[in-house]
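As a plain string of letters, each chain reads:
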Amino acid sequence: MLKLHDLEFEPFISNRQIEAAVEEVAQKINEDFSGKCPVFLSVLNGAYPFTAALTQRFKGDCEVEFTKLKSYEGTSSTGKLKNLIGVENLKDKHVIIIEDIVDTGNTFSEIIKILEEKEVASFKIATLFYKPEAYKKEHNLDYVGMEIPNKFIVGYGLDYDGLGRNLPEVYQLKQK
Ligand SMILES: O=P(O)(O)OC[C@H]1O[C@H](OP(=O)(O)OP(=O)(O)O)[C@H](O)[C@@H]1O
Ligand SMILES: Nc1nc2[nH]cnc2c(=O)[nH]1
């Protein structure tokens, strides 16, 4: 059992399972981007462990950039999105957006809108976790580590009001 602030969480996905999912995504990206020099665009804060694990497995030249856009407060999506920072110099680049999780898809679709204005050569999305039951958008997700049920999770980059990002495994909110 894990307690963060006022909430209790229970173990859900082991570090081993996460590593296996990262490996699978990395293999596909290596196949698709062989001989190319993609820009991995990591969406802070949550994507930092996935970004490190994924980019270290990339065989070849690549760039790694970081961007930030906030949409979540507490345990539910607020739907209010802020601006994207750090996306200069992407013109004519092959961009792979790295997310820790795609939930409603609001964050991802906002990023797409902004990238389309940046005249990138192409873009794909790689997300470690995906909640198909919560996803409200049409856009196809290119690389998905793991599909999960529509439950609030923490760990491996994901936080509950600032806590839990450092955990090497993932926990889910405990049912009351
Ligand atoms: O698909 P959505 O419903 O938009 O949710 C996904 C987003 O929520 C989390 O970010 P958050 O805004 O909590 O910021 P953080 O990564 O700094 O915790 C996560 O990292 C995704 O970017
Ligand atoms: N910590 C956390 N952030 C999220 N952002 C979107 N979905 C989630 C989730 O399940 N957990």
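Residues numbered from 1 in each chain as written. Chains lettered and ligands numbered in written order. Predicted model: local features only at pLDDT ≥ 70, side-chain atom pairs only at ≥ 80, totals over all residues. Heavy atoms only, no water.

Just so we agree on the cut-off: UniProt positions are given in the numbering used here, feature names are shortened, and annotations may be inferred rather than shown by experiment.
Looking at an unreviewed UniProt entry, the protein carries the name Hypoxanthine phosphoribosyltransferase, with the source organism given as Haloflavibacter putidus. UniProt lists a comment for the protein under the heading Sequence similarities (unreviewed entry), and it reads "Belongs to the purine/pyrimidine phosphoribosyltransferase family."

Topic: the state of the cysteines
Selection criterion: When the sulfur atoms of two cysteines come within 2.5 Å, that pair is taken as a disulfide. Only protein chains enter the area calculation, which uses a 1.4 Å probe; residues under 20% of their type maximum are buried, those over 50% are exposed, and those in between are partly exposed.
Inspection of every chain in the model, using the stated rule, returns zero disulfides. Unpaired in this structure, C37 has its nearest cysteine sulfur neighbour in C62, at a distance of 6.7 Å. Take C37: its relative accessible area is 38%, and that puts it in the partly exposed class.

A look at the packing of aromatic side chains
Where we set the bar: Here a pair means two rings of Phe, Tyr or Trp (six-membered ring of Trp) with centres within 6.5 Å. Their orientation is stacked below 30 degrees between planes, edge-to-face above 60, and tilted elsewhere. In this scheme, the term charge over a ring applies when either NZ of a lysine or CZ of an arginine sits within 6 Å of the ring centre and within 35 degrees of the ring normal.
Per the stated rule, a full pass over the model turns up five aromatic pairs. Aromatic pair F152 and Y160: ring centres 6.2 Å apart, planes at 80°, arrangement edge-to-face. Through successive ring pairs, a cluster of aromatic residues spans F9, F152 and Y160. Here the basic side chain of K36 rests over the ring of F33, its NZ or CZ set 5.7 Å away from the ring centre.

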